[in-house]
Amino acid sequence: MTETATQSFLTQEAFHRLKAELEHLSGEGRSEIAKRIEAAREEGDLRENGGYHAAKEEQGKMEARIRQLTQLLETAKVGETPPDNGVVDEETFLLGHREIKDDSGLEVFSEQSPLGRAINGKKVGDSASYETPAGKTVEVKILKAAPFTG
């Protein structure tokens, strides 16, 4: 799966697998967690009820996953993955803490991310490389750098 700031590419198989996961979480998953929360609630004092707090935490994670899947499936381009010719025309993004993300549509990369560590301190015209979490080495060149004025 390749992802850009605005579009994700999914194979048909991946789309169906993620859609099935979303349907399960939205239906059975929500029902199951609601039953577990109710059962834990019936045990009494919620302040010291580990089962209740664990179920509520799991519910929060599940709802976050539902939101993530919903957004991904709504914006995904389904079909064949675009050819990997190793070239990205240009990508504009912010380097900083993810909390600075706003409505500009720009992707935010942490200075601690592999890309962030590779380019932090570089100047226009410099090249750098970093290793992706999947172990692939990616070469990048700084074309422009400017402070964000958001």
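Per chain, the residues get numbers from 1 upward, laid out in the order the sequence is written. Selection of residues for local features in this predicted model requires a pLDDT of at least 70, selection of side-chain atom pairs for listing and counting requires 80 or more, and totals for whole chains, interfaces and linings are taken over all residues. To get the side-chain values, all heavy atoms of the structure are used, and hydrogens and water are removed first.

### Brief notes about the overall build of the protein
Next up, step 1: In DSSP terms, a helix is any run of H or I states spanning at least four residues, a strand is any run of E spanning at least two, and both are numbered starting from the N terminus. For the protein, the count of helices and strands is three helices and seven strands.
Next up, step 2: Ordered by position in the sequence, the α and β elements of the protein form the string β-β-α-α-β-β-β-α-β-β.
Next up, step 3: Counting the 150 residues in the protein, one finds 22% classified as buried.
Next up, step 4: Whether two residues are in contact is decided by their heavy atoms, any of which lying within 4.5 Å being enough. Partitioning the contacts of the protein with sequence separation of at least 6, the portion at a separation of at least 24 is 41%.
Next up, step 5: As displayed, the protein has an accessible area near 11,100 Å², and 49% of this comes from carbon and sulfur atoms. Only protein chains enter the accessibility calculation, which uses a 1.4 Å probe; a residue whose area is less than 20% of its type maximum is buried, one above 50% is exposed, and one in between is partly exposed. Accessible areas in this description were obtained via Shrake-Rupley with a 1.4 Å probe; residue shielding takes into account the shown protein chains only.

### Side note on the side chain of Asn-49
Next up, step 1: You can see Asn-49 is positioned in the loop between helix H1 (12-41) and helix H2 (50-75).
Next up, step 2: Ignoring anything within four residues of it in the chain, the contact list for Asn-49 reads Ala-40, Arg-41, Glu-43 and Gly-44.

### What to know about the pairing of strand S6 (residues 127-131)
Next up, step 1: A one-sided burial pattern is seen for S6, the buried positions being Ala-128 and Tyr-130 and the unburied ones Ser-127, Ser-129 and Glu-131.
Next up, step 2: With five bridges joining them, S6 and strand S7 (residues 137-141) adopt antiparallel strand pairing. Its bridge partner lying in S7, Ala-128 is registered against Val-140.
Next up, step 3: A loop of five residues connects S6 with S7, the two strands running antiparallel in sequence, and Gly-135 in this loop sits at a positive phi of about 95°. Strand pairing is defined by DSSP finding a minimum of two bridges between the two strands.

### A few points about the side chain of Ser-113
Next up, step 1: Tracing the backbone through its elements, the reader meets Ser-113 in the loop between strand S5 (107-109) and helix H3 (114-119).
Next up, step 2: A distance of 2.7 Å separates the side chain of Ser-113 from the backbone oxygen of Ser-110, its partner in a polar contact. Counted as a polar contact is a pair of N or O atoms within 3.5 Å, where, for protein atoms, one must be capable of donating a hydrogen and the other of accepting one, and residues adjacent in sequence contribute only when both atoms are in side chains.

### Remarks on H1
Next up, step 1: With 30 residues, H1 should reach 44 Å at 1.5 Å per residue; the first-to-last C-alpha distance of 41 Å fits that figure.
Next up, step 2: In this analysis the local bend is the angle between axes fitted, respectively, to the seven residues ending at and the seven residues starting at the residue. The sharpest bend along H1 comes to roughly 40°, located at Gly-29.
Next up, step 3: Turning to H1, its buried residues are Ala-14, Phe-15, Leu-18, Leu-22, Leu-25, Gly-29, Ile-33, Ile-37 and Ala-40.
Next up, step 4: Here the buried face of H1 lies against strand S2 (8-10), H2 and strand S3 (76-78). One less than the number of residues in a helix, times 1.5 Å, gives the span that helix is expected to have.

### Considerations on the nonpolar core
Next up, step 1: With 17 residues, the main nonpolar core has Leu-10, Leu-18 and Leu-73 as its most contacted residues.
Next up, step 2: Among the secondary structure elements, those contributing two or more residues to this core are H1 and H2.
Next up, step 3: Per-element tally for this core: the top contributor is H1, with eight residues.
Next up, step 4: Among the nonpolar cores identified, the runner-up in size contains six residues, and Leu-115, Ala-118, Ile-119 and Ile-142 belong to it. Think of a nonpolar core as a cluster: buried Ala, Val, Leu, Ile, Met, Phe, Trp, Tyr and Cys residues, connected wherever their side-chain atoms sit within 4.5 Å.

### Looking at the environment of Lys-122
Next up, step 1: With respect to the secondary-structure elements, Lys-122 resides in the loop between H3 and S6.
Next up, step 2: A relative accessible area of 36% places Lys-122 in the partly exposed class.
Next up, step 3: With 19 residues separating them in the primary sequence, Lys-122 and Lys-141 have C-alpha atoms 9.4 Å apart.
Next up, step 4: Discounting residues that sit within four places of it in the chain, Lys-122 has contacts with Ser-127, Ala-128 and Ile-142.

### Remarks on the confidence of the model for the protein
Atom-level detail of predicted coordinates should not be read off regions where pLDDT is low.
Next up, step 1: The quantity called pLDDT is the predictor's confidence in a given residue, expressed from 0 to 100. Residues with a pLDDT of 70 or more make up 84% of the protein, whose mean pLDDT is 83.
Next up, step 2: Across residues 1-5, where pLDDT falls below 50, the model places nine contacts with residues more than four positions away in sequence or in other chains.

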